[in-house]
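Tertiary structure, described
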Amino acid sequence: MDANYFDLSDDTPVYVISVAAQLSGLHPQTLRQYDRLGLVSPGRTAGRGRLYSTRDIIQLREVQRLSQEEGINLAGIKRILELENETLRLREEVHRLRAEMRMVRALIRYELPPGA
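Residues numbered from 1 in each chain as written. Predicted model: local features only at pLDDT ≥ 70, side-chain atom pairs only at ≥ 80, totals over all residues. Heavy atoms only, no water.

Scanning all chains against the criterion turns up 9 salt bridges. In this structure, R50 and D35 form a salt bridge, with 2.7 Å as the shortest nitrogen-oxygen distance. Of this pair, R50 sits in strand 3 (residues 50-52) while D35 sits in helix 2 (residues 28-37); the two residues are 15 residues apart in sequence, bridging distant segments of the chain. Close ionic contact of E86 with R89 constitutes a salt bridge, the shortest N to O distance being 2.9 Å. Taken together, the positions of E86 and R89, both in helix 4 (residues 74-111) and 3 residues apart, correspond to about one turn of that helix. Given the relative accessible area of 35%, E86 is considered partly exposed. (Salt bridge = Lys/Arg side-chain N within 4 Å of Asp/Glu carboxyl O. Helix = DSSP H or I, 4+ residues; strand = E, 2+ residues; numbered from the N terminus. Buried < 20%, exposed > 50% of the residue type's maximum accessible area, 1.4 Å probe, protein only.)

Take a look at the structure:
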């Protein structure tokens, strides 16, 4: 067997909408609205039903916190989430580029003769 079906990540969509609603403390209709607005993007079953991951549940809770505790409207929350995702992507790219630079520097040191 190639896949280990018990090796699930936080991004694996496993929760149906009723369970995701319970775990996030939100009404299923709120989850549908957040999906339509692009605040969360759950996976889909073959029948087009929504499947939420642990990361989706965490994001739903954060949307609710920003809305209820910080008083931010949904458009503002969407922008915050977009900026946080872009920041994460850029940090990962910087990390990758730094590793690449270390490799290039090591190759240059290795290939240059002493005193060159």
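Now that the structure has been shown, we can carry on.
Let us look at the UniProt feature "domain: HTH merR-type" (unreviewed entry) in the chain. Under the feature "domain: HTH merR-type" (unreviewed entry), the UniProt entry names residues 14-83. Here residues 14-83 runs as 61% helix and 10% strand, with 26 Å between its end C-alpha atoms. (UniProt positions renumbered as here; feature names shortened; annotations may be inferred.)

What follows concerns the environment of S53. Residue placement: S53 occurs in the loop between strand 3 and helix 3 (54-68). Considered as a pair, S53 and G43 are 10 residues apart in the sequence and their alpha carbons are 7.9 Å apart. Apart from the residues lying within four places of it in its own chain, the contact partners of S53 are D10, D11, T12, P13, V14 and Y15. At a separation of 3.4 Å, a polar atom in the side chain of S53 contacts the main-chain carbonyl oxygen of D10. (Contact = heavy atoms within 4.5 Å. Polar contact = N/O pair within 3.5 Å; in protein donor to acceptor, adjacent residues only side chain to side chain.)

Right, let's get into helix 3. Between its terminal C-alpha atoms helix 3 stretches 21 Å, which fits the 21 Å expected from 15 residues at 1.5 Å a residue. Of the residues making up helix 3, those classed as buried are D56, I57, L60, V63 and L66. At its buried positions, helix 3 is contacted by strand 1 (15-16), helix 1 (17-24), helix 2, strand 3 and helix 4. (Expected span 1.5 Å × (residues − 1).)

A few words now on the nonpolar core. Counting 15 residues, the largest nonpolar core has L31, Y34, L39, Y52, L60, V63 and I77 as the members making the most contacts within it. Among the elements that make up this core, the one with the highest residue count is helix 3 (4 residues). Once you skip the residues sitting within four places of it in the chain, L39 turns out to touch Y34, Q59, V63, L74, I77, K78 and L81. (Core = buried A, V, L, I, M, F, W, Y, C linked by side-chain atoms within 4.5 Å.)

Following both chains from N to C, one finds helix 1 and helix 2 inclined at 100°, their axes separated by 9 Å at the closest point. Classified by the interaxial angle, the pair formed by helix 1 and helix 2 is roughly perpendicular. Contact residues: helix 1 offers I17, A20, A21 and S24, while helix 2 offers P28, L31 and R32. Broken down by class, the residue content of the contact of helix 1 with helix 2 amounts to 5 nonpolar, 1 polar and 1 charged. (Axes fitted to C-alpha atoms, helices over the stretch in contact; angles between N-to-C directions. Parallel < 35°, antiparallel > 145°, perpendicular 65-115°, else oblique. Nonpolar A, V, L, I, M, F, W, Y, C, P; charged D, E, K, R; others polar.)

The volume enclosed by the largest pocket comes to roughly 470 Å³. As for the largest pocket, its lining consists of 19 residues, and the residues nearest its centre are L39, R55, D56, Q59 and N85. Secondary-structure elements contributing two or more residues to the lining of the largest pocket are helix 3 and helix 4. Here the lining of the largest pocket gets 6 residues from one element, more than from any other, and that element is helix 4. By residue class, the composition of the lining of the largest pocket is 6 nonpolar, 6 polar and 7 charged. (1 Å grid on protein atoms, 1.4 Å probe; cavity = no way out; pocket = protein on both sides within 12 Å on 5 of 7 lines; lining within 4 Å. Points joined across faces, edges and corners; volume = space filled by probe spheres on them.)

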